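# Structural overview for review
So you can see what is in the structure, the chains are spelled out below.
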Amino acid sequence: MIIKKLIVRKTKPSEEIIREIVFNKKGLNLIVDNTPENAIESGNSVGKSTAIRIIDLCLGAKSVRELYYDADTRSENKIVKDFLSKYKVQAELCLEDGNNKEYIIKRDLFSNGKKYIFDKTYTEQGFWEELKKIIFHLKEPRPTFRQLIPKFVRLATTSEDGMIKFLPAMTTIDTYDTIYCFLFQIYSDSLLSKKGELTEKIAECQKAIQTLEKSKSITSLGLLKQSLEIINADLEDLNVKRNKLSYMDVYRDELDMKRKLTLRINDLQEKMELLEFEIDTTEKSISNLSKEKKDIDFNTLQALYMEAKSYLPELQKKFEDLVDFHNCMIQNRIDFIQEQLSTKQELFTQYSRQLQEILLEKEKITVEALDEGLLDELNMLNRKIEELSLKKGEITQSIHLLEEQGQIRQQLNQELDELERQMEDSGIEEKTKVFNQIFADYCDKLYGEKYLFDYNPKWKEERKFPVSISALGGNVGTGKKKAVIVAYDLAYMQYSIKMGINVPQFVIHDKMENTHINQLKTIFQICNEIDGQYIIPILRERIDKIDQEYIDKAKILELSTDDKFFEI
């Protein structure tokens, strides 16, 4: 699978192509930054790495923020960010397989944008899974797409300095083993995926055990079992002491009766309090009415009487009759309220009598049946038994969980051992031999030294990393590392083509400016021999001593301060 074309376009308010980059099908593909040496602006601002970041986004990288965020200064380029959002900029990556079949991948380059393959939208996980089928012809769940693709697209954000460890630092050794076994086709995809699944489950199981031990402050399963034995012994002693209380059952009945009496007392007291309030309120009402009867406002009544007589001259009733009627009405109200008061007082007396009877009954129980010393002792025993029982339950549950996880881990390890026995005859030596013939040749051309790649099938027993790279005369020096990474990636690309392995036939590197000009020349010469694509952004001043005819032929895009990637 090679990269045929990359198109970046505005989709709003109307469609407009910003960049269309056609890639060389074989050999070197250069994205050149033509910023002059004496320019005020640095070449880092023109967007020479933008194209490869967009390719990475089309290949499933998570965040479009990488297009406008500078990790070194921890700042955002607001102009680029607003431009991408305003015009709804979209990238289209065209891939081509060995049968000249094209695959169109699209990625919106603004926040919350969508991902497409052949105009069909995908979720992030679905996008990765479909790309894995297209590019790696891999349907098995492991290794994942985003575990594989950083080997072929090495950006600053994907650990460019890691030759064999190209994923984030928390990546497990088992994961790397699965990746390399796939890349070099050491085992079949199904066996490899099953091994990856088992190792992940074992890691999850171990993590669950460690989490449980940490949360419970447990040092070992053995210590838990010893703690349980001590708790069981203490519980047995406490139960024996409690059983020695010969009249415990009677005590329980009396205690229950006392509890019920207490509830009745509380209920009666609440009712009496309410009645007391109502009686007090009623008595005040009677007092107020009596005062109203005594303190008649004769002037107001006289005025009412005279007004009524003016309307009715022949009125037969005298003023004294009106006064009697007024007093009669008040007395009727007093009589009615007095009757209610009597009822409440009688009910209060009944409640009071009932309360006294219950209090006497409770006092009788307390004096005759309850041994207060026994109560204290029993309560203490019950508290201790309850506390120990709760602790016993927690420890029993922890033991169960630990034993369960231990059994699962043991079963998974047995399955893994059986699987690894099936994988013993892998032909790894022949495969690495083919790879090393290419790799050593490229390294020899670069430094006059031969470097070799090795896969150790017994890495787990020896507690080593599964793969290693070393020079015949010693370890890889840090100054040579970048160029050796290039040799390693290009050699693997040639190896995969030769062995018919379904992987990308392109390699993308960033940050090549620090590579010595002699090594750059050699890398470019090696690119004449490869059957895939080597894609890099680079400053013009770093390659001005290389044959310009060759550079022009390899160049697929040229940028400058006057012609930045997004033309803004």
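What counts, and at which threshold
All residue numbers refer to positions counted from 1 along the written sequence of the respective chain. This being a predicted model, a pLDDT of at least 70 is required before a residue's local features are given, and a value of 80 or more before pairs of side-chain atoms are given or counted; all residues contribute to the totals for chains, interfaces and linings. Think of the side-chain values as coming from all heavy atoms in the structure, minus any hydrogens and water. Numbering of helices and strands starts at the N terminus; helices are DSSP runs of H or I of at least 4 residues and strands are runs of E of at least 2. The buried label applies to any residue whose accessible area, calculated with a 1.4 Å probe on protein chains only, is under 20% of its type's maximum; exposed applies above 50%, and partly exposed to all values in between. Should any heavy atoms of two residues lie within 4.5 Å, those residues are counted as being in contact. We get accessible surface area from the Shrake-Rupley algorithm with a probe of 1.4 Å; when it comes to residues, only the shown protein chains can shield them. To pair, rings of Phe, Tyr and Trp, with the six-membered ring standing in for Trp, must have centres within 6.5 Å; the planes then decide the type, stacked if under 30 degrees apart, edge-to-face if over 60, and tilted in the middle. The criterion is that NZ of a Lys, or CZ of an Arg, lies within 6 Å of the ring centre and within 35 degrees of the ring normal, and then a charge sits over that ring. Two strands form a pair only when DSSP identifies at least two bridges running between them. Residues belong to a common nonpolar core when they are buried Ala, Val, Leu, Ile, Met, Phe, Trp, Tyr or Cys residues joined through side-chain atoms within 4.5 Å. Any pair of N or O atoms that falls within 3.5 Å is considered a polar contact. Within protein, one atom must be able to donate a hydrogen and the other to accept it, and sequence-neighbouring residues count only if both atoms are side-chain atoms. To obtain an axis, a line is fitted to C-alpha atoms, over the contacting stretch when the element is a helix, and the angle between two such axes runs from 0 to 180 degrees between their N-to-C directions. Each reported salt bridge corresponds to a side-chain nitrogen of Lys or Arg within 4 Å of a carboxyl oxygen of Asp or Glu. Take the far helix as your reference; a near helix turned counterclockwise from it by less than a right angle gives a left-handed crossing, and one turned clockwise gives a right-handed crossing. When residues are grouped by polarity, Ala, Val, Leu, Ile, Met, Phe, Trp, Tyr, Cys and Pro land in nonpolar, Asp, Glu, Lys and Arg in charged, and all others, Gly among them, in polar.

### Notes on the overall build of the protein chain
Within the protein chain, the regular secondary structure consists of 16 helices and 15 strands. Counting all 568 residues of the protein chain, 42% fall into the buried class. Relative to all contacts within the protein chain whose residues are 6 or more apart in sequence, the contacts with residues 24 or more apart total 70%. Here the protein chain has roughly 32,000 Å² of accessible surface; of this, 48% comes from carbon and sulfur atoms.

### Considering the packing of aromatic side chains
Summed over the entire model, instances satisfying the criterion amount to 24 aromatic pairs. For the ring pair F184 and Y495, a centre distance of 5.3 Å and an interplane angle of 40° mean the geometry is tilted. Taken together, the residues F184 in the loop between α5 (173-183) and α6 (189-215) and Y495 in helix α14 (residues 481-499) connect sequence positions 311 residues apart. The burial state of F184 is the same as that of Y495; both residues are buried. A centroid spacing of 5.1 Å and a plane angle of 85° characterise the contact between F565 and F566, whose relative ring orientation is edge-to-face. Side by side, F565 and F566 carry an identical accessibility label, which is buried. Note that K10 overlies the ring of Y87, its terminal NZ or CZ placed 4.3 Å from the centroid.

### Describing the sheet that holds strand β15 (residues 555-559)
The sheet built from 5 strands is open, its strands ordered β10-β13-β14-β3-β15 with parallel pairing. Since the sheet does not close on itself, it has two edges, and those belong to β10 (153-154) and β15, each with one partner. Sheet analysis places strand β3 (residues 27-33) next to β15, joined by 4 bridges and oriented parallel. By the bridge assignment for β15, I31 is matched with L557.

### Remarks on the nonpolar core
With 114 residues, the main nonpolar core has Y180, F439, F524 and Y534 as its most contacted residues. Here this core gets 11 residues from one element, more than from any other, and that element is α14. Ignoring sequence-local partners within four residues, the contact set of Y180 consists of M163, I164, K165, F166, I186, F453, F465, V467 and Y488. Grouped together as the second largest cluster of nonpolar side chains are 13 residues, I231, L235, L238 and I385 included.

### Details of the side chain of R146
Within the fold, R146 resides in helix α4 (residues 145-148). Within the structure, R146 has its side chain in polar contact with the side chain of D56 (distance 3.5 Å). Each residue touching R146, except ones within four places of it in the same chain, is listed here: D56, L59, G60, A61, W128 and L167.

### Describing the sheet that holds strand β1 (residues 2-10)
Reading across the sheet, the 6 strands line up as β2-β1-β6-β7-β8-β9 and stay open at both edges, with antiparallel pairing between neighbours. Pairing within the sheet leaves two strands with one partner each, and these edge strands are β2 (16-22) and β9 (120-122). Each adjacent strand pair in this sheet contributes to an overall mean axis angle of 20°, direction not counted. Summarising the sheet, β1 and strand β6 (residues 90-96) pair through 7 bridges and their orientation is antiparallel. Residue pairing for β6: V8 is matched across the bridge by A91.

### Observations regarding the environment of I55
Relative to the assigned elements, I55 resides in helix α1 (residues 50-58). Sequence separation of I55 and I105 is 50 residues, and the distance between their C-alpha atoms is 9.8 Å. Filtering out sequence-adjacent residues up to four positions away, I55 remains in contact with I3, L6, F23, L93 and I508.

### Some points on the pattern of salt bridges
Under the counting rule described, the total for this entry stands at 28 salt bridges. Between E102 and K4 there is a salt bridge, and its shortest N-O distance comes to 2.3 Å. Here E102, found in strand β7 (residues 102-108), pairs with K4, found in strand β1; they are 98 residues apart in sequence, far enough to count as distant. Judged by its relative accessible area of 32%, E102 is partly exposed.

### Concerning the pairing of strand β12 (residues 467-471)
The two faces of β12 differ: V467, I469 and A471 on one face are buried, but S468 and S470 on the other face are not. Taken together, the 5 bridges between strand β11 (residues 451-455) and β12 define a ladder with antiparallel strand orientation. Each bridged residue has a counterpart across the sheet, and for F453 the counterpart in β12 is I469.

### Side note on the packing of helix α12 (residues 428-447) against helix α15 (residues 517-527)
Their axes nearest at 9 Å, the elements α12 and α15 cross at an angle of 145°. Crossing hand, α12 versus α15: right-handed. Counted together, Y442, K445, L446 and Y447 of α12 and Q519, T522, I523 and I526 of α15 form the full contact between these two elements. Classifying every residue of the contact of α12 with α15 gives 5 nonpolar, 2 polar and 1 charged.

### Re the environment of V503
Take V503: it is sitting in the loop between α14 and β13 (506-509). Residue class for V503 comes out buried when judged on its relative accessible area of 2%. Taking the C-alpha atoms as reference, V503 lies 9.1 Å from L148; in sequence the two are 355 residues apart. In this view, V503 contacts M1, I135, F136, F152, F182, L183, Y492 and S496; residues no more than four positions away in its chain are not counted.

### Considerations on α5
Burial analysis of α5 places 9 of its 11 residues in the buried class, the great majority of the element. Those residues of α5 that sit buried are T175, Y176, D177, T178, I179, Y180, C181, F182 and L183. Count one or two residues on from α5 and you reach Q185, which has phi positive near 50°.

### Quick look at unusual backbone geometry
In this chain, K12 is followed by P13 through a cis amide linkage whose omega measures -5°. For P13, the position within the fold is in the loop between β1 and β2. In this structure, the amide linkage connecting R142 to the following residue, P143, adopts the cis form with an omega of -5°. By the element assignment, P143 lies in the loop between α3 (124-136) and α4. Within the chain, K511 stands out as a residue other than glycine whose phi angle is a positive 60°.

### Comments concerning the environment of K498
Within the secondary structure, K498 sits in helix α14. A relative accessible area of 58% means that K498 is categorised as exposed. Sequence separation between K498 and D531 is 33 residues, and the spatial gap between their C-alpha atoms is 9.6 Å.

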